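A look at the structure
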Amino acid sequence: MTTTAAAPRAFEDFPVRALMPFTQRPPLVFTEGRGSWLTDSTGRRYLDLVQGWAVNTLGHAPADVARALTEQASRLLHVGPGLHNAPAIALADRLTRLSGLDRVFLAGSGAEANEGAIKLARKFGRKHRGGAHEIITFRDAFHGRTLAAMSASGKPGFDTLFAPQVPGFPKATLNDIESVTALIGPGTAAVMLEPIQGEAGVVEATPEFLRALRRLTSELGLLLILDEVQTGIGRTGAMFAHQRAGIRPDVMTLGKGLGGGVPIAAVLARDEACCFEPGDQGGTYTGNPLVCAAALAVLDVVAAEGFLPAMAERAAHWRDALDALALREGGPPCSGQGLLLALQLPQPGRAQRLADALRDRPGQGLLVNAVRPERLRLMPALNTSADELALATAWLDEALRATD
Ligand code: PMP
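Residues numbered from 1 in each chain as written. Predicted model: local features only at pLDDT ≥ 70, side-chain atom pairs only at ≥ 80, totals over all residues. Heavy atoms only, no water.

1. Topic: the nonpolar core
- Core analysis: the largest hydrophobic core is formed by 60 residues, its most contacted members being Leu91, Leu258, Ile264, Trp318, Leu366 and Leu376.
- Examining the composition of this core, we find that 10 residues originate from one element, helix 8 (residues 289-302), more than from any other.
- The two domains that each donate at least three residues to this core are domain 1 (11-61 + 318-402) and domain 2 (76-302).
- Not counting the four nearest positions on each side in its chain, tryptophan 318 is found in contact with Leu49, Leu339, Leu341, Leu378, Pro380, Leu389, Ala392 and Thr393.
- Phe105, Ala148, Ala190 and Met192 belong to the second largest nonpolar core, which has 22 residues in total. (Core = buried A, V, L, I, M, F, W, Y, C linked by side-chain atoms within 4.5 Å. Buried < 20%, exposed > 50% of the residue type's maximum accessible area, 1.4 Å probe, protein only. Helix = DSSP H or I, 4+ residues; strand = E, 2+ residues; numbered from the N terminus. Domains from an automatic or database assignment. Contact = heavy atoms within 4.5 Å.)

Right under this line is the structure:
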């Protein structure tokens, strides 16, 4: 299949005003992507280390996903939640085998999956813990933008934005087990966290903390819920980030990388935690065959023998190069795992200045995310080549030398 390049078109020619504004975006419109590269409407190219916010597992427009979508689109698009379809069953089966969890609910976004996990925990509390409904979550956590997911989040400002919050989410401090123990009471049903807090700036829960949480929740009969929306599906070099700590959660949510660019998310749970009864949960698009076919194509690649070890090796090499840059700039080594990394720069605001300069550099641009004023987040496609990663390092090096 060949596509002819669209005629160049200036930003001003797009009726952008029709979009409801909700965030600052650069005056660019992206029209095409292939692998690690994006092209804007003027024909300018960018090496993309944001990849749709850690979504495009296999880069832009991967052939395997395009083929799966095309085949499925001409066979069966949608049957709704009241009827079974083959791709949804195959995807649920594949996810249970990969995770060791027993059952799957399919959703459309990370926030929706987390809403499902929160409802599951509340139902579990009602059935098995005398009506307990509290879910202990963490300061600086990010679980999405629905009202309950915002209430579960610990992002500064979320507590007053759209107040009143959904109650029942007391906040503990990451990597401080005593701060969790202090919040546990008869009202507690579950503990919920990200193995790496992505939106907080790529802040890791230590393996020791994850193991201590697993021990504590098992002893007390509480659910341990892991939000792997950003860390799951190979992003950290393991299929799921919690595997590094040698633990298994009771409930896990996935999103982003699962669809490799199409919107799909999932709630996975152990049998003991699966307490939904008819009428408790649903959604028109749950298990939509089109998006399930895409997710199956992504998993075929990521779970293939050798894919993740090779990616983890490329990532480790790249991290060494980034750590050398960080050291030169007076910062600590990178945080994160695999291809979810943050370069920490001691000068506040420099991350945004760098991100802007890299995007607008002469010649081709580089897209990175200033997740915090002093942190640059890097989340390239898992199949980004060693040469592309080296090019990104060279451009970062150049920009760091030129930007205060
Ligand atoms: N959980 C985590 C850990 C996330 O990083 C995000 C998105 N950044 C979400 C949930 C929400 O996902 P979505 O935007 O698909 O609703």
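2. What to know about the site of the ligand
- Around the ligand, the surrounding shell holds 13 residues, and the nearest of these are Gly110, Ala111, Asp227, Gln230 and Lys256.
- In this structure, a nitrogen atom belonging to the ligand sits 2.7 Å away from a side-chain N or O atom of aspartate 227.
- Residue glutamine 230 places a side-chain N or O atom 2.8 Å away from an oxygen atom belonging to the ligand.
- Taken by itself the ligand offers 390 Å² of open surface, and the protein chains cover 82% of this.
- Tallying contributions element by element places helix 4 (residues 110-128) first for the shell around the ligand, with 3 residues.
- A per-class count over the shell around the ligand returns 3 nonpolar, 6 polar and 4 charged. (Near = heavy atom within 4 Å. Polar contact = N/O pair within 3.5 Å; in protein donor to acceptor, adjacent residues only side chain to side chain. Areas by Shrake-Rupley, 256 points an atom, 1.4 Å probe, with all protein chains shown as cover. Nonpolar A, V, L, I, M, F, W, Y, C, P; charged D, E, K, R; others polar.)

3. What to know about the pairing of strand 11 (residues 251-254)
- With burial as the criterion, each face of strand 11 is covered, one bearing Val251 and Thr253 and the other bearing Met252 and Leu254.
- Sheet topology places strand 10 (residues 223-227) next to strand 11; 3 bridges connect them, and they run parallel. Bridging across to strand 11, isoleucine 225 finds its partner in valine 251.
- Where strand 11 lies against strand 12 (residues 265-269), 4 bridges are found, and the strand directions are antiparallel. (Pairing = 2+ DSSP bridges.)

4. A short note on helix 8
- Taking 1.5 Å per residue, 14 residues should reach 20 Å; helix 8 reaches 20 Å between its end C-alpha atoms and fits that length.
- In terms of burial, helix 8 is a largely internal element, 12 of the 14 residues being buried.
- Among all positions of helix 8, only Pro289, Val291, Cys292, Ala293, Ala294, Ala295, Leu296, Ala297, Val298, Leu299, Val301 and Val302 are buried.
- Contacts from the buried residues of helix 8 go to helix 2 (63-73), helix 3 (86-99), strand 4 (103-107) and helix 9 (307-328).
- The N-terminus of helix 8 is capped by asparagine 288, whose side-chain oxygen sits 3.0 Å from the backbone nitrogen of leucine 290. (Expected span 1.5 Å × (residues − 1).)

5. Re the sheet that holds strand 13 (residues 335-337)
- Across the sheet, 4 strands lie side by side as 13-14-17-16; this open sheet has antiparallel pairing. Here the strands that pair on one side only, and so sit at the sheet edges, are strand 13 and strand 16 (369-372). Each neighbouring strand pair of the sheet contributes to a mean axis angle of 30°, computed without reference to strand direction.
- The sheet contact formed by strand 16 and strand 17 (residues 375-378) spans 2 bridges and is antiparallel. Of the residues in strand 17, the one forming a bridge with arginine 372 is arginine 375. (Axes fitted to C-alpha atoms, helices over the stretch in contact; angles between N-to-C directions.)

6. Some details on the sheet that holds strand 6 (residues 171-172)
- Strand order in the open sheet made by the 7 strands is 4-12-11-10-7-5-6, with mixed pairing throughout. Only two strands of the sheet have a single neighbouring strand rather than two, namely strand 4 and strand 6.
- Direction of pairing for strand 5 (residues 134-138) relative to strand 6: parallel, over a ladder of 2 bridges. The residue of strand 6 that forms the bridge with threonine 137 is lysine 171.
- On top of the sheet, helix 4 reaches strand 4, strand 5, strand 7 (188-193), strand 10, strand 11 and strand 12; it is set at about 25° to strand 12, its chief contact.

7. A word on the pattern of salt bridges
- The full count for this structure, using the stated rule, is 19 salt bridges.
- Its salt-bridge partner being arginine 270, residue aspartate 250 comes within 3.3 Å of it at the nearest N-O pair. Taken together, the positions of aspartate 250 in the loop between strand 10 and strand 11 and arginine 270 in the loop between strand 12 and helix 8 put the pair 20 residues apart, joining distant regions of the chain.
- Overall, aspartate 250 belongs to the buried group, its relative accessible area being 6%.
- Note that aspartate 356 and arginine 359 form a salt bridge whose closest N and O atoms lie 3.3 Å from each other. With a gap of 3 residues between them, aspartate 356 and arginine 359 both fall in helix 10 (residues 350-359), about one helical turn apart.
- Here the residues in one salt-bridge network are Arg328, Glu329, Arg350, Asp397 and Arg401, joined through shared partners. (Salt bridge = Lys/Arg side-chain N within 4 Å of Asp/Glu carboxyl O.)

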